[in-house]
Amino acid sequence: MIDTTTTMQAMPSAIMAEKSVVSSMLNNHNLLKRAIAEGLSDDSFWHPQTLGLWQTIQTMQPDDDGGIDLITLVQHLQEVGKLDRCGGPAEIYHIHSHAIGASGWSQWVTTLKEYQARRMALQLAGTMSEATDSTEAIAAARQALESLQSIVSGKQRSVSISTAASDFAAKLEADYRAGDLPGHTTGIPCLDEICGGMKAGELWVIAAKPSRGKSVMMLQIAGAYIQAGKSV
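In this report, the structure presented in the accompanying data block is examined. (Residues numbered from 1 in each chain as written. Predicted model: local features only at pLDDT ≥ 70, side-chain atom pairs only at ≥ 80, totals over all residues. Heavy atoms only, no water.)

**A short note on the overall build of the protein chain**
Part 1: Looking only at helices and strands, the protein chain has eleven helices and zero strands in total.
Part 2: The order of helices and strands in the protein chain, counted from the N terminus, is α-α-α-α-α-α-α-α-α-α-α.
Part 3: Burial analysis of the protein chain (232 residues in total) assigns 32% to the buried set.
Part 4: A fraction of 64% describes how many contacts in the protein chain between residues 6 or more apart in sequence connect residues 24 or more apart. (Helix = DSSP H or I, 4+ residues; strand = E, 2+ residues; numbered from the N terminus. Buried < 20%, exposed > 50% of the residue type's maximum accessible area, 1.4 Å probe, protein only. Contact = heavy atoms within 4.5 Å.)

Now the structure itself:
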């Protein structure tokens, strides 16, 4: 049987990286979106003060400078009963001023993921050691590998062009079958079927040899907008 107290105390962590990431987000709230996009979660933070601040940052609005106001932050933590958990005003001030800029952001995030993976590996090793048979042990091992891979890779922020095109085509077809268009109808059904109508911010280029119907097509599309009461 694993001694939970000993395991908790011995868990690897990177307090400096945790403070750096939280400090950067306190000074630049826009980094919160980046952190989430790169796969950071509650499990990425091990220390109570940085975990508490990470969770709180997600519920607060930035000030005019794009950061979290310290006085407002301390007051909020006091109101919700989390001020002591986050180390008190002095610790919060220390963390806020811990990182100057975010030049080391990528390295800090990588470090958090590495230590999170180590903690999970230790926890899953305990689960595997308590397996009652080989089938259960194999299932635990498979779960461990999948979980570790998910942590290390983080969330996928990009997809291949073929995947994006396929997803777009599928959504376009679904909208078309439902009678909906992503954009405004051109008045030409076959063109709507291909392009999904015209959408704000787009620039369409219609090219053809002379006298092949470019102007007529343009007038037909303009007519569809006029009939809908929209400016052309």
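**Description of the pattern of salt bridges**
Opposite charge on two side chains lets them pair, provided their charged atoms get close.
Part 1: For the structure shown, the criterion picks out three salt bridges.
Part 2: Put simply, Glu91 and Lys19 hold a salt bridge, and the shortest N to O gap is 3.4 Å. Residue Glu91 is located in helix 6 (residues 88-96), and its partner Lys19 is located in helix 2 (residues 15-27); the two are separated by 72 residues in the primary sequence. In terms of burial, Glu91 and Lys19 fall into one category: buried. (Salt bridge = Lys/Arg side-chain N within 4 Å of Asp/Glu carboxyl O.)

**Details of the packing of aromatic side chains**
Each aromatic ring pair is summarised here by two numbers: the centre-to-centre distance and the angle between the ring planes.
Part 1: Counting across every chain of the model gives one aromatic pair.
Part 2: Sitting over the face of the ring of Tyr115, Arg118 holds its NZ or CZ atom 4.4 Å from the ring centroid. (Phe/Tyr/Trp six-rings, centres within 6.5 Å; stacked < 30°, edge-to-face > 60°. Lys NZ or Arg CZ within 6 Å of the ring centre and 35° of its normal.)

**Some points on the side chain of His47**
Part 1: Counting through the fold element by element, His47 comes out in the loop between helix 3 (31-37) and helix 4 (48-57).
Part 2: For His47, the residues in contact, after removing those within four places along its chain, are Ser13, Ile15 and Glu18.

**Overview of the environment of Lys82**
Part 1: Locating Lys82 in the fold gives a position in the loop between helix 5 (70-79) and helix 6.
Part 2: Residues Lys82 and Gln49 lie 33 residues apart in sequence; the distance between their C-alpha atoms is 9.2 Å.
Part 3: Leave out the neighbours within four places in its chain, and Lys82 touches Gln55 and Leu77.

**As for the side chain of Lys19**
Part 1: For Lys19, a relative accessible area of 10% corresponds to the buried category.
Part 2: When sequence neighbours within four positions are dropped, the list of residues in contact with Lys19 reads Thr50, Glu91, His94, Ile95 and His98.

**Comments concerning the layout of surface pockets**
Part 1: Considering only enclosed or pocket space, the largest pocket measures out at about 200 Å³ in volume.
Part 2: Residue lining of the largest pocket: Met198, Leu203, Trp204, Ile206, Met218, Ile221, Ala222, Tyr225, Ser231 and Val232, and that is the complete set.
Part 3: Here the residues of the lining of the largest pocket sort into nine nonpolar, one polar and no charged. (1 Å grid on protein atoms, 1.4 Å probe; cavity = no way out; pocket = protein on both sides within 12 Å on 5 of 7 lines; lining within 4 Å. Points joined across faces, edges and corners; volume = space filled by probe spheres on them. Nonpolar A, V, L, I, M, F, W, Y, C, P; charged D, E, K, R; others polar.)

Geometry only, nothing functional implied.
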